[in-house]
Amino acid sequence: MIDADRLKKNWSLVAAHGDQVPLYFYSTLFLTHPETRDLFPMNMAAQRDKLVNALGAVVSNVDTIDAVVPTLQALGRDHRKFGALRGHYPAVGEALVATLEHFSGPHWTPAIAADWVAAYELVAATMADAADAAAHYTPPWWDAEVIGHERRDLETAVITLAPGTRLDYLPGQSVSLCTSLRPRVWRQYSPANAPRPDGTIELHVRSIDGGEVSTALVSLLRVGDTLRVGPATGSGLTLRPGSGPVALIAGGTGVAPLKALVEQLAAAPRPTSLYWGTRSPAGLYCVDQLNALAARYEWLEFIPCVDEDMWGSGVRIGSPAELAVSHGRCIGADVYLCGPFGMVESSRKFLVGAGVRAEAIYFEPSGA
């Protein structure tokens, strides 16, 4: 039997070595199995800690593996877009165990080694089985033509894609994108529309400092270009069933999936309020679209807000969460949060402190 507590303690010991851990892991993986190098981007700076940290966190919590089986299955299906095959999983496992042994030092024992191997094999089998099953009914990625690219400001673009074959998703989910401008680098974006009859997808992209993909998508992408799009993932922001009120609280381009939820709600309306915050009025890049939705749907209230309004444009001042609470829109409502990680965390804590039930607040743990 796997000793989960022993694994957790060992992972805490290893993780304390910080950036040295993923550096050692990838060096070991690429030296012992050079064929795996092509699965990863040329520039590993953004990728370096993601895989090893995720593996360590999941495998060391093998005692709760049943709770994350759907997540592991989704990861297995999603990782097909990298070209990951069942035959690659043992190589990753060998590198992981070698890394754990190296940083455990004298604390490493045959029993710990056996636990890690057994736990990793369980995780890998779950992912690989899901990937193999998915290969029978869905492609590893979709090729999508860029049919619209509108710069809303220096940092933000609204991009419309037309996948060659239909890509199914739920409003609130995200898809990953890869462009030939930045080969083998994938980033997550949430569609800003509910699924359409023609299958087109609207994305809101803001370039960030050091963001290879976001900068390319905003500044270099052109109509007629082709992107690769990975399968839809995530359930944190998908609409929960019910008939009660809904409060949508967004920051920046986090408004995109919440706009998709509004379009979904149009099929079965509920009293809905959308609070969207940016630093200044210039950041409200799709305010006209959202005002149009609010004018069309009597059940929808839209409140744009900003941190500061130096030019007196009349937009409300304050954070979207604070305004939603002060207007009484959150108590008794299903609350959906999306935006930068810090905004989501601070808003969640504020809402709970204001009396909103934590279990009624929905968000993707990684932010947006």
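Everything below is about the structure printed above this text.
Quantities reported herein were computed from a predicted structural model and do not represent experimental measurements.

### A short note on the sheet that holds strand β1 (residues 142-151)
Here is step 1: Spatial ordering of the open sheet is given by β4-β3-β6-β1-β2-β5, a layout of six strands whose pairing is antiparallel. The open sheet has two edge strands with one neighbour each: β4 (187-189) and β5 (201-206). Sheet twist, expressed as the average angle between the axes of neighbouring strands with direction ignored, equals 40°.
Here is step 2: Summarising the sheet, strand β3 (residues 175-179) and β4 pair through three bridges and their orientation is antiparallel.

### Observations regarding the packing of helix α1 (residues 4-15) against helix α6 (residues 110-134)
Here is step 1: The geometry of α1 relative to α6 is characterised by a closest axis approach of 10 Å and an angle of 100° between their N-to-C directions. Between α1 and α6, the crossing angle belongs to the class labelled roughly perpendicular. Of the residues in α6, those touching α1 at R6, L7, N10 and W11 are A111, I112, D115, W116 and A119.
Here is step 2: Of the residues belonging to the contact of α1 with α6, the class tally is six nonpolar, one polar and two charged.

### Things to note about the sheet that holds strand β11 (residues 334-338)
Here is step 1: Within the open sheet, the six strands sit side by side as β10-β9-β8-β7-β11-β12. Their pairing is parallel. Edge strands, defined here as strands with exactly one partner in the open sheet, are β10 (316-317) and β12 (361-362).
Here is step 2: Sheet topology places strand β7 (residues 246-251) next to strand β8 (residues 272-278); six bridges connect them, and they run parallel. Looking at β8, one finds that L248 is bridged to L274.
Here is step 3: Along the sheet, helix α8 (residues 255-265) makes contact with β7, β8, β9 (300-306) and β11, crossing β7 at roughly 155°.
Here is step 4: Where helix α11 (residues 341-353) meets the sheet, its contacts fall on β7, β11 and β12, and the angle it forms with β11 comes to roughly 155°.

### A few points about α11
Here is step 1: Taking 1.5 Å of rise per residue, 13 residues should cover 18 Å, and α11 covers 18 Å from first to last C-alpha, within 8% of that figure.
Here is step 2: Those residues of α11 not exposed but buried are M343, V344, S347 and L351. Take α11 and look down its axis: the buried residues cluster within an arc of 95°, on one side only. Facing away from the buried side of α11 by over 90 degrees, the exposed positions are K349 and G353.

### Digging into the nonpolar core
Here is step 1: Residues F25, L29, L96, L100, W108, W116 and Y120 are the most contacted members of the largest nonpolar core, which totals 35 residues.
Here is step 2: Only α1, α2 (20-32), α3 (50-60), α4 (65-78), α5 (89-104) and α6 provide two or more residues apiece to this core.
Here is step 3: When residues of this core are assigned to their parent elements, the largest contribution, nine residues, is made by α6.
Here is step 4: In terms of nonpolar packing, the next biggest core, distinct from the first, is built from 26 residues, V158, L248, L258 and W276 among them.

### Quick word on the side chain of H33
Here is step 1: Note on placement: H33 falls in the loop between α2 and α3.
Here is step 2: At a separation of 3.0 Å, a polar atom in the side chain of H33 contacts the side chain of E94.

### Overview of the side chain of T238
Here is step 1: Considering the arrangement of structural elements, one finds T238 in the loop between β6 (226-229) and β7.
Here is step 2: A distance of 2.9 Å separates the side chain of T238 from the backbone oxygen of S235, its partner in a polar contact.
Here is step 3: Not counting residues up to four positions away in its chain, the partners in contact with T238 are L170, P171, Q173 and Y336.

### Here we look at the environment of G312
Here is step 1: Mapped onto the elements, G312 comes out in the loop between β9 and β10.
Here is step 2: Residues G312 and P281, 31 residues apart in the sequence, show an inter-C-alpha distance of 9.4 Å.

### Brief notes about the environment of W11
Here is step 1: If you trace the backbone, W11 turns up in helix α1.
Here is step 2: The spatial distance from the C-alpha of W11 to the C-alpha of R357 is 33 Å, given a sequence separation of 346 residues.
Here is step 3: Beyond its immediate stretch of four places on either side in the chain, W11 contacts V52, N53, G56, A57, S60, L100 and W116.

Cut-offs used in this document
- Each chain has its residues counted from 1, running along the sequence as written.
- Only residues with pLDDT of at least 70 get local features here, since the model is predicted, and only at 80 or more are side-chain atom pairs given and counted; chain-wide, interface and lining totals rely on the full set of residues.
- Note that water and hydrogens are dropped before the side-chain values are worked out from all heavy atoms of the structure.
- Strands are labelled as partners when DSSP assigns at least two bridges between them.
- Strands are runs of DSSP state E lasting at least 2 residues, helices are runs of H or I lasting at least 4, and numbering of each runs from the N terminus.
- Angular values range over 0 to 180 degrees, each being the angle between N-to-C directions of two axes fitted as lines to C-alpha atoms, with helices fitted over their stretch in contact.
- An angle below 35 degrees is treated as roughly parallel, one above 145 as roughly antiparallel, one from 65 to 115 as roughly perpendicular, and anything else as oblique.
- Contacts: residue pairs with any heavy atoms within 4.5 Å of one another.
- Three classes are used: nonpolar for Ala, Val, Leu, Ile, Met, Phe, Trp, Tyr, Cys and Pro, charged for Asp, Glu, Lys and Arg, and polar for all others, with Gly counted as polar.
- To estimate how far a helix should extend, the number of its residues minus one is multiplied by 1.5 Å.
- The classification of residues rests on relative accessible area computed with a 1.4 Å probe and restricted to protein chains. Under 20% of the type maximum is buried, over 50% is exposed, and intermediate values are partly exposed.
- Each C-beta atom gives one direction from the helix axis, and the arc is the one those directions make.
- Nine residue types can take part in a nonpolar core, namely buried Ala, Val, Leu, Ile, Met, Phe, Trp, Tyr and Cys, and a core is a set of them joined through side-chain atoms within 4.5 Å.
- Any pair of N or O atoms that falls within 3.5 Å is considered a polar contact. Within protein, one atom must be able to donate a hydrogen and the other to accept it, and sequence-neighbouring residues count only if both atoms are side-chain atoms.

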